[in-house]
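Working through the structure, step by step
Residues per chain are reported as follows:
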Amino acid sequence: MWSAKPPQPPSSTYCSLQSSLLSLAILTLLSFTYLSLKSFHSSNSPPPLTPSLVIQSSQVVRQVAEQQREQEEEEEVITDVYNSPGVFKLNYEEMERKFKVYIYKDGDPKTFYQTPRKLTGKYSSEGYFFQNIRESKFVTDDPDQAHLFFIPISCHKMRGKGTSYENMTIIVQNYIDSLIAKYPYWNRTMGADHFFVTCHDVGVRATEGHPFLVKNAIRVVCSPSYDVGYIPHKDVALPQVLQPFALPAGGNDIENRTTLGFWAGHRNSKIRVILARQWENDTELDISNNRINRATGPLVYQKRFYRTKFCICPGGSQVNSARITDSIHYGCVPVILSDYYDLPFNDIVDWHKFAVVLREKDVYDLKQILKNITQDEFVTLHNNLVKVQKHFQWNSPPIRHDAFHMVMYELWLRHHVIKY
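Note that this is a predicted model, so its numbers are computed, not measured. (Residues numbered from 1 in each chain as written. Predicted model: local features only at pLDDT ≥ 70, side-chain atom pairs only at ≥ 80, totals over all residues. Heavy atoms only, no water.)

A word on the pairing of strand S3 (residues 194-198). Here S3 lies mainly inside the structure; 5 of its 5 residues are buried. Residues His194, Phe196 and Thr198 of S3 are buried on one face, and the alternating residues Phe195 and Val197, pointing to the opposite face, are buried as well. Pairing of strand S2 (residues 148-150) with S3 involves 2 bridges; the strand directions are parallel. Within S3, the residue paired with Phe149 across the bridge is His194. Across 4 bridges, the pairing between S3 and strand S4 (residues 218-221) is parallel. Along S4, the bridge assignment pairs Phe195 with Ile218. (Buried < 20%, exposed > 50% of the residue type's maximum accessible area, 1.4 Å probe, protein only. Helix = DSSP H or I, 4+ residues; strand = E, 2+ residues; numbered from the N terminus. Pairing = 2+ DSSP bridges.)

The subject of this paragraph is the environment of Lys118. Mapped onto the secondary structure, Lys118 falls in the loop between strand S1 (101-103) and helix H4 (124-135). Taking relative accessible area as the criterion, Lys118 reaches 37% and is therefore assigned partly exposed. Residues Lys118 and Gln131, 13 residues apart in the sequence, show an inter-C-alpha distance of 9.5 Å. Every residue in contact with Lys118, bar those within four places of it in the chain, is listed here: Ser124, Gly127 and His156. (Contact = heavy atoms within 4.5 Å.)

Once that is clear, we can look at the packing of aromatic side chains. Inspection of every chain in the model, using the stated rule, returns 32 aromatic pairs. Here Phe88 and Tyr409 contribute two aromatic rings whose centre-to-centre distance is 5.0 Å and whose plane-to-plane angle is 80 degrees, an arrangement assigned as edge-to-face. With a gap of 321 residues between them, Phe88 in helix H3 (residues 85-98) and Tyr409 in helix H15 (residues 403-415) connect regions that are remote in the sequence. The buried category is assigned to Phe88, whose relative accessible area is 3%. The exposure class of Tyr409 is buried, given its relative accessible area of 4%. (Phe/Tyr/Trp six-rings, centres within 6.5 Å; stacked < 30°, edge-to-face > 60°.)

The subject of this paragraph is the packing of H3 against H15. In contact at an axis separation of 10 Å, H3 and H15 are set at 90 degrees when each is read in the N-to-C sense. By the angle between their axes, H3 is roughly perpendicular relative to H15. Where H3 abuts H15, its residues Val87, Phe88, Asn91, Tyr92, Glu94, Met95 and Lys98 lie against His405, Met406, Met408, Tyr409, Trp412 and Leu413. For the contact of H3 with H15, the class distribution of residues is 9 nonpolar, 2 polar and 2 charged. (Axes fitted to C-alpha atoms, helices over the stretch in contact; angles between N-to-C directions. Parallel < 35°, antiparallel > 145°, perpendicular 65-115°, else oblique. Nonpolar A, V, L, I, M, F, W, Y, C, P; charged D, E, K, R; others polar.)

This next bit is on the side chain of Thr198. Along the polypeptide, Thr198 turns up in strand S3. Among the residues examined, Thr198 registers a relative accessible area of 1% and is labelled buried. Beyond its immediate sequence surroundings of up to four residues, Thr198 is in contact with Glu126, Cys155, Gly203, Val204, Val220, Val221, Cys222 and Leu238.

This brings us to the confidence of the model for the protein chain. Per-residue confidence for the protein chain gives a mean pLDDT of 82; residues scoring 70 or more make up 78%. Below a pLDDT of 50 lies the segment residues 24-47, which in the model reaches 11 contacts outside its immediate sequence neighbourhood of four places, other chains included. Note on residues 51-55: pLDDT is under 50 here. Beyond four places in sequence and across chains, it has 3 contacts. (pLDDT = per-residue confidence, 0-100.)

Read across the open sheet, the 5 strands follow the order S7-S6-S8-S9-S10; overall the sheet is parallel. Each of the sheet's edge strands pairs with one partner strand only, and the pair in question is strand S7 (285-287) and strand S10 (356-358). On average, each strand axis in the sheet is inclined to that of its neighbour by 20 degrees, with strand direction left out of account. Sheet contacts for helix H12 (residues 322-330): strand S6 (259-263), strand S8 (308-314) and strand S9 (333-337); angle to S8, the most-contacted strand, approximately 165 degrees.

Turning to H15, a few remarks are in order. With 13 residues, H15 should reach 18 Å at 1.5 Å per residue; the first-to-last C-alpha distance of 19 Å fits that figure. The buried fraction of H15 amounts to 12 of the 13 residues, a majority that puts the element mostly inside the structure. Among all positions of H15, only Ala403, Phe404, His405, Met406, Val407, Met408, Tyr409, Glu410, Leu411, Trp412, Arg414 and His415 are buried. (Expected span 1.5 Å × (residues − 1).)

This brings us to the state of the cysteines. Evaluated as defined, the whole model comprises 2 disulfides. Between Cys199 and Cys222 runs a disulfide, and the two sulfur atoms are separated by 2.2 Å. Disulfide Cys199 to Cys222: torsion about the S-S bond roughly -95 degrees, handedness left-handed. Here Cys199 is found in the loop between S3 and helix H8 (201-206), whereas its partner Cys222 is found in the loop between S4 and strand S5 (236-237), with 23 residues between them in sequence. (Disulfide = S-S within 2.5 Å.)

For the pair H4 and H15, the least separation of the axes is 10 Å and the interaxial angle reads 80 degrees. Classed by the angle they form, the pair H4 and H15 counts as roughly perpendicular. Judged by residue contacts, Phe129, Asn132 and Ile133 of H4 engage Phe404, Val407, Met408 and Leu411 from H15. Its residues placed into classes, the contact of H4 with H15 shows 6 nonpolar, 1 polar and no charged.

Moving on, we get to the pattern of salt bridges. Close approach of charged atoms lets side chains of opposite charge pair. Applying the stated criterion across every chain yields a total of 16 salt bridges. The partner of Glu284 in a salt bridge is Lys367, and the shortest N-O contact between them spans 3.2 Å. Taken together, the residues Glu284 in the loop between helix H10 (270-279) and S7 and Lys367 in helix H13 (residues 366-371) connect sequence positions 83 residues apart. For Glu284, a relative accessible area of 32% translates into the label partly exposed. In this structure Lys367 comes out as buried when scored by relative accessible area, which is 18%. Across the pair Arg414 and Asp347 runs a salt bridge, and its minimum N-O distance is 3.8 Å. (Salt bridge = Lys/Arg side-chain N within 4 Å of Asp/Glu carboxyl O.)

This is the structure we're talking about:
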């Protein structure tokens, strides 16, 4: 097990203090100048001083505050949680300046296209992306200016209308074929500069009826298992986030975390069955054989995240689980227990800095592995976890470095390598 240094005070403390002192100095100087001018004009009895100086002063103060906020954001990005902090910062800024996406306008929003089904539930990440991209500055109405093309078909909306898997496949195939026949853009790259977004695993299967969609287009999916057709360097792992969160974000509350590990859920996969059988009667690991009954009290499940150090996240029917982002939100270090999982933003952030990533075979040694993590190592993991919380949350409208912008950054990285 790697050793870790105790957490150091944030490096931005001195800079923030320096910026605050600078702001105070500017305010003092402006106030002194204003009073001096007012006194001078009063002694010579000219017309009363106009409010222009006050307006200019307010503008300067706002500019200073904005510069301070940008400086703090830049300092926050430069952290070892990222694989290449400097590269991420430069590429992200370039993305904000240049990236353009064209959204096909075909398809009735009242059926399966263009708009999200809803922004709640297990598959809300899909809905948020559909909404966020239209709220963002990345959209262009000129396809000739676009770096990528978004195929706005929602398998989540199909699922909500009771569409069968077989009909989903036909609908997706017909829609793609209609775009290929109507526009020249797909044929320029055989679809390599096109992408679609789906969070429901049925949506992934529904695309398999169109081979070029699977082979060439960028699939942004919540179930990125690279043993069943997912291609990590081409496709994008979409974080599955169960929003809205029931309780506020956790973090900086290490003293409250007295339980070693926690998991509760359905036994709908082999690894979950093994986890429950192996550890459900353990006195140090809080492992439940099923979901926690709501009758036991309000938000009992969510509150357990607050008092646990490590939250176990085994794969379910797919490799992914919303429990991972729940753990991140509530400040509980996630323990990834799933094979073949291309973790969200894996090429941007170093998951080993804020999570424990294990193979499924490690389930038998789970308790000892967690107990071997020293308190200093846990503190480092927890503090780093707080730093990445913003990346695993959706907002409307979207804000810098949130889940939407991280997904867009992943797409921006891929647009450089698809032209052929």
